[in-house]
Amino acid sequence: MTAPRKLHIKSYGCQMNVYDAQRMVDTLAPEGFVETANADDADLVILNTCHIREKASEKVYSELGRLRTAKDEAARNGREMKIAVAGCVAQAEGSEIIRRAPVVDVVVGPQSYHHLPQLLAKAKTDGRAVETEFPVEDKFASLPDPKPAMIRARGISSFVTVQEGCDKFCTFCVVPYTRGMEVSRPVARIVDDVKRLADNGVREITLIGQNVNAFHGEGENGKPWSLGQLLHRLADIPGIVRLRYSTSHPRDVDEALIEAHRDIPAVMPFVHLPVQSGSDRILEAMNRKHTAADYARTVERFRKVREDIAFSSDFIVGFPGETEEDFSATLALVRQISYAGAYSFKYSPRPGTPAADMQETVTTTVMDERLARLQELIDSQQAAFNAAVIGKTVDVLFERAARNPGQIVGRTAYLQPAHVMASPDIIGQVLPVAVESLERYSLIGALAGADVSPVSSPKISQPANTSLSAMTTGA
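Every value quoted in this text rests on a predicted model; they were computed, and no experiment measured them.

Here we look at the environment of Ser 246
And then number 1: Structurally, Ser 246 can be placed in strand 11 (residues 242–246).
And then number 2: Owing to a relative accessible area of 1%, Ser 246 belongs among the buried residues under this scheme.
And then number 3: Expressed as a C-alpha distance, the spacing of Ser 246 and Leu 28, which sit 218 residues apart in the sequence, is 27 Å.

Observations concerning the domain arrangement of the protein chain
And then number 1: In terms of domains, the protein chain is made up of domain 1 (3–129), domain 2 (137–386) and domain 3 (390–445).
And then number 2: Look at where the C-alpha atoms of domain 1 and domain 2 centre, and you get two points 28 Å apart.
And then number 3: Each side of the interface is counted separately: domain 1 has 24 residues, and domain 2 has 31 residues.
And then number 4: Here domain 1 packs against domain 2, burying approximately 2,600 Å² in sum over the two surfaces, 55% of which is carbon and sulfur.
And then number 5: Connecting domain 1 to domain 2 are two salt bridges.
And then number 6: The residue Arg 179 makes a salt bridge to Asp 20 at a minimum N-O spacing of 3.0 Å.
And then number 7: Applying the counting rule to domain 1 against domain 2 returns four residue pairs in polar contact (both at pLDDT 80 or more).
And then number 8: Those elements giving two or more residues to the side of domain 1 that touches domain 2 turn out to be helix 1 (15–28) and helix 3 (88–100).
And then number 9: Broken down by element, the residue count for the side of domain 1 that touches domain 2 peaks at 11 residues, all from helix 1.
And then number 10: Class assignment for the residues of the side of domain 1 that touches domain 2 results in nine nonpolar, nine polar and six charged.

Structural notes on the UniProt feature "binding site: [4Fe-4S] cluster 2" (unreviewed entry) in the protein chain
And then number 1: The positions UniProt marks with the feature "binding site: [4Fe-4S] cluster 2" (unreviewed entry) are Cys 166, Cys 170 and Cys 173.
And then number 2: Along the chain, Cys 166 falls in the loop between strand 8 (163–164) and helix 7 (175–178).
And then number 3: Once you skip the residues sitting within four places of it in the chain, Cys 166 turns out to touch Val 175, Pro 176, Gly 180, Met 181, Glu 182 and Asn 211.
And then number 4: Within the secondary structure layout, Cys 170 lies in the loop between strand 8 and helix 7.
And then number 5: Ignoring anything within four residues of it in the chain, the contact list for Cys 170 reads Met 286, Asn 287 and Arg 288.

Thresholds, definitions, all that
- Residues numbered from 1 in each chain as written.
- Predicted model: local features only at pLDDT ≥ 70, side-chain atom pairs only at ≥ 80, totals over all residues.
- Heavy atoms only, no water.
- Helix = DSSP H or I, 4+ residues; strand = E, 2+ residues; numbered from the N terminus.
- Buried < 20%, exposed > 50% of the residue type's maximum accessible area, 1.4 Å probe, protein only.
- Domains from an automatic or database assignment.
- Contact = heavy atoms within 4.5 Å.
- Buried area = accessible area lost by both parts, 1.4 Å probe.
- Salt bridge = Lys/Arg side-chain N within 4 Å of Asp/Glu carboxyl O.
- Polar contact = N/O pair within 3.5 Å; in protein donor to acceptor, adjacent residues only side chain to side chain.
- Nonpolar A, V, L, I, M, F, W, Y, C, P; charged D, E, K, R; others polar.
- UniProt positions renumbered as here; feature names shortened; annotations may be inferred.

Structure below.
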């Protein structure tokens, strides 16, 4: 019997890359690959890259330098190690990767990773293989179904891609160039995916896409469905108790999505809705095609149907031409909305985007200072949001055993980690937790009605550093 080959995947960036990495594992499993956490022992290492932030490609080349040493060491020990670069950096800089990094055997864009077996075979015969074109066929239709054991090993929460690409062409963003134009999957295939996950113990689904609420996949009636319609259909699948989606664009929030939050208990009252800036002048320069007031009205539409709804967002500071007045408008918007958390970034020019050619640059010193001020405000809002839960009872979906013996950890509707002392039998259940204290970003409590003192619970070894999941960004 042939020994399994070891596969190590390192993913950077957004939740889409997390999903893609899992599907790469599924694609390579029939080829005899099994995952390993140690890159040095792997027969195949895949760097699944992100191109959203500055220096993303340099991080890849730095990692490739380290892997070159590991590959040389493997060769000295009579073992062959293959290295692949996948994802958005591969899509954007395929020829440059080939030129700069001879250690790389395969370069594959995010729309073509279902061809990994063929590309590895080509690299074996030809020395290298590159595929960064947008294929005609549907990638998802070509991917093998994940094995039941693999689904169960990944836990009770799962990402499902429903939409890829973006047609918005924000001036700072590379997504339309690396992921392509908006494409939505057929509802029937999404339903099949979710049923398979539910049958194998998944209880929470996060629908993902670069612009997920622009979803317009073919519905079961043969007509395009909205994201709201899709959520209604998925809520009917037995076993699914929580539904989320990310990342959204303010311009694509329609009434069907608002009504889904009103009418579907499984749809969580937590929305990641990037705005990027509070200045109308900067929003126009970003080609966002909405104003700060438009954004605030969208938030109020959600709040009108769900008083308990909360929001997270993305912000860019130091966009070309941003003045102190523009930045003050961003702070004002943050105070107006009051977020449960948010991601903030210094502007970084991405080659090939319109903003990269803008000349009114903001100095690094000013960007650093503004980022610190913005993040201080966001952190204070998140801390207040978390502290407001103390003394209340909240529903928690329990996910796994925590690091400390006897502790089980789950998440609230707002993705706050919550720790209790309990039996592992509660994993996969949504149960009420009486919250007694807050340790950094994690809630400490006890199952409501259980004769357990949460105060005596052991300290969390390494608490999560955010109450948000991996929801960085596209829209």
